[in-house]
Amino acid sequence: MKASPRNRVLLNIAGWAFVLVWAFPLYWMVNTAFKPQHDILTSTPKFLPFPLTLANFADAVGKPHFGSYVVNSLVVTLSVVVVATVVGFLAALALARFRFVGRRALLVTIFGIQMIPAPALVIPMFLTMKNLHLLNNLLSLGLTYTAFVVPLTIWILRGFAQGIPVELEEAAELDGASPGQVIRHVMLPLLAPGIIATSIFAFITAWNDYIYAYVMMKDDAHYTLPVWLATFSTNTGTDYAGLIAGSTLFAVPAVVFFLIAQTRLTAGMTAGAVKG
């Protein structure tokens with residue numbers, strides 16, 4: 001049933017109001033990042049950053065070890081995305097297509113793991129990495145984040161895999177496709193939306209974490225960008241100009257990754273379409 005012109009107008013107004021409320025904090029962060037220092041804490045808000053300055057970004061980037069923080073964050077995050085996606089994809093296919101002893105218990109365990117808050121596992125993970133002699137090593141962060149991301153990745157992709165008719169795989173096998181070709185040319189395109197969604201979740205989880213990066217790393221050169229952002233707050237006060245400029249820079253890679261993933265998501269949905 002089509003909405004009346006009046007209802008469409010009301011829905012459009014409500015939609016734009018929601019967008020404005022949701023986007024305003026992001027706009028205010030970017031707007032503030034370009035303001036001079038004396039305009040940031042003024043009691044009179046300025047909705048446009050004039051006069052515009054790049055000094056806040058220069059101060060933020062000029063902090064010690066900034067380059068190392070960027071490299072560390074990118075290495076850890078991209079590694080987690082790749083490993084968690086591959087492991088989750090293969091495990092989800094196994095759980096969706098094979099029947100084996102303990103399968104139901106494994107699914108319940110995977111679901112139950114999601115109920116445990118990540119901060120509650122800081123001490124156990126710290127002791128585990130200490131026993132493995134991996135403290136102050138980026139590998140410890142990669143393993144930790146992957147352990148948090150993989151269960152949800154498996155759970156989501158399993159749901160997608162169960163929705164794919166088995167007849168499609170059987171038809172490909174009758175045409176002479178090997179198991180690897182079935183996975184690559186049939187399952188992978190059809191699971192693309194789920195893979196993209198879980199990869200975004202993996203990216204955000206690894207990119208935004210502060211607690212584990214701070215606890216498991218000892219040297220400043222091994223920290224990641226969330227720890228770098230925390231350095232703008234000290235016992236003598238908070239550098240709001242640098243903090244907001246740093247937060248803006250910190251958000252850029254996540255936005256870029258999301259835009260790239262969104263493009264791939266559309267392409268994956270098209271590639272996975274099945275003609276009737």
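Preceding this section is the structure that the text describes.
Overview of the structure. (Residues numbered from 1 in each chain as written. Predicted model: local features only at pLDDT ≥ 70, side-chain atom pairs only at ≥ 80, totals over all residues. Heavy atoms only, no water.)

1. A closer look at the environment of Asn72
Among the secondary structure elements, Asn72 is positioned in helix H4 (residues 66-97). The class for Asn72 is buried, based on a relative accessible area of 8%. Note: C-alpha distance between Asn72 and Asp39 (33 residues apart in sequence) is 33 Å. Engagement of the side chain of Asn72 in a polar contact is seen with the backbone oxygen of Ala221, the distance being 2.7 Å. (Helix = DSSP H or I, 4+ residues; strand = E, 2+ residues; numbered from the N terminus. Buried < 20%, exposed > 50% of the residue type's maximum accessible area, 1.4 Å probe, protein only. Polar contact = N/O pair within 3.5 Å; in protein donor to acceptor, adjacent residues only side chain to side chain.)

2. Re helix H10 (residues 192-208)
Counted at 1.5 Å a residue, the expected span for H10 with its 17 residues is 24 Å, and the 24 Å between its end C-alpha atoms agrees. Listed as buried for H10 are Ala192, Gly194, Ile195, Ile196, Thr198, Ser199, Ile200, Ala202, Phe203, Ala206 and Trp207. (Expected span 1.5 Å × (residues − 1).)

3. As for the packing of helix H5 (residues 103-113) against helix H7 (residues 138-162)
Close contact between H5 and H7 brings their axes to 8 Å; oriented N to C, the two are set at 125 degrees. Of the possible angle classes, the one that applies to H5 and H7 is oblique. Considering the relative orientation of H5 and H7, their crossing is left-handed. Contacts from Arg103, Leu107, Ile110, Phe111 and Ile113 in H5 reach Pro151, Ile154, Trp155, Arg158 and Gln162 in H7. Here the contact of H5 with H7 is built from residues that sort into seven nonpolar, one polar and two charged. (Axes fitted to C-alpha atoms, helices over the stretch in contact; angles between N-to-C directions. Parallel < 35°, antiparallel > 145°, perpendicular 65-115°, else oblique. Left-handed = near helix turned anticlockwise from the far one by under 90°. Contact = heavy atoms within 4.5 Å. Nonpolar A, V, L, I, M, F, W, Y, C, P; charged D, E, K, R; others polar.)

4. What about the packing of helix H9 (residues 179-190) against H10?
The axes of two packed helices give the description: the angle between them and the distance between them. In the contact formed by H9 and H10, the axes pass within 4 Å of each other and the chain directions differ by 60 degrees. Judged on the interaxial angle alone, H10 and H9 are oblique. Contacts between H9 and H10 pair Leu188, Pro189 and Leu190 from the former with Ala192, Pro193 and Ile195 from the latter. Considered class by class, the residues forming the contact of H9 with H10 number six nonpolar, no polar and no charged.

5. Topic: the pattern of salt bridges
On inspection of all chains with the given rule, the structure shows two salt bridges. The residue Glu169 makes a salt bridge to Arg97 at a minimum N-O spacing of 2.4 Å. You can see Glu169 sitting in helix H8 (residues 166-174) and its partner Arg97 sitting in helix H4, a full 72 residues away along the chain. (Salt bridge = Lys/Arg side-chain N within 4 Å of Asp/Glu carboxyl O.)

6. Details of unusual backbone geometry
Pro51 follows Phe50 through a cis peptide bond whose omega is 0 degrees. Inspection of the secondary structure puts Pro51 in the loop between helix H2 (37-40) and helix H3 (55-61). One non-glycine residue with positive phi stands out, namely His65, at about 65 degrees. The topology assignment puts His65 in the loop between H3 and H4. Residue His65 is classed as partly exposed on the basis of its relative accessible area of 37%. Of note, His133 is a non-glycine position whose phi angle comes to about 60 degrees, a positive value.

7. A short note on a nonpolar patch on the surface
Together, Phe24, Tyr27, Phe47, Leu48, Phe50, Leu52 and Leu54 make up a nonpolar patch on the protein surface, roughly 740 Å² of accessible area in all. By secondary structure assignment, the location of Tyr27 is in helix H1 (residues 5-33). Given the relative accessible area of 35%, Tyr27 is considered partly exposed. (Patch = residues over 30% accessible without salt bridge, like charges linked within 9 Å, V, L, I, M, F, W, Y side chains within 5 Å. Areas by Shrake-Rupley, 256 points an atom, 1.4 Å probe, with all protein chains shown as cover.)

8. Side note on the packing of aromatic side chains
Per the stated rule, a full pass over the model turns up twelve aromatic pairs. Measuring from centroid to centroid gives 6.3 Å for Phe24 and Tyr27, while their planes differ by 45 degrees, and the two rings are tilted. Of this pair, Phe24 and Tyr27 both sit in helix H1, three residues apart, which is roughly one turn of the helix. Aromatic ring contacts, followed pair by pair, group Phe24, Tyr27, Trp28 and Phe47 into a single cluster. Its guanidinium or amino end placed over the ring of Phe232, Lys63 lies 4.9 Å from that ring's centre, counting from NZ or CZ. Positioned over the ring face of Trp155 is Arg158, at 6.0 Å from the centre of the ring. (Phe/Tyr/Trp six-rings, centres within 6.5 Å; stacked < 30°, edge-to-face > 60°. Lys NZ or Arg CZ within 6 Å of the ring centre and 35° of its normal.)

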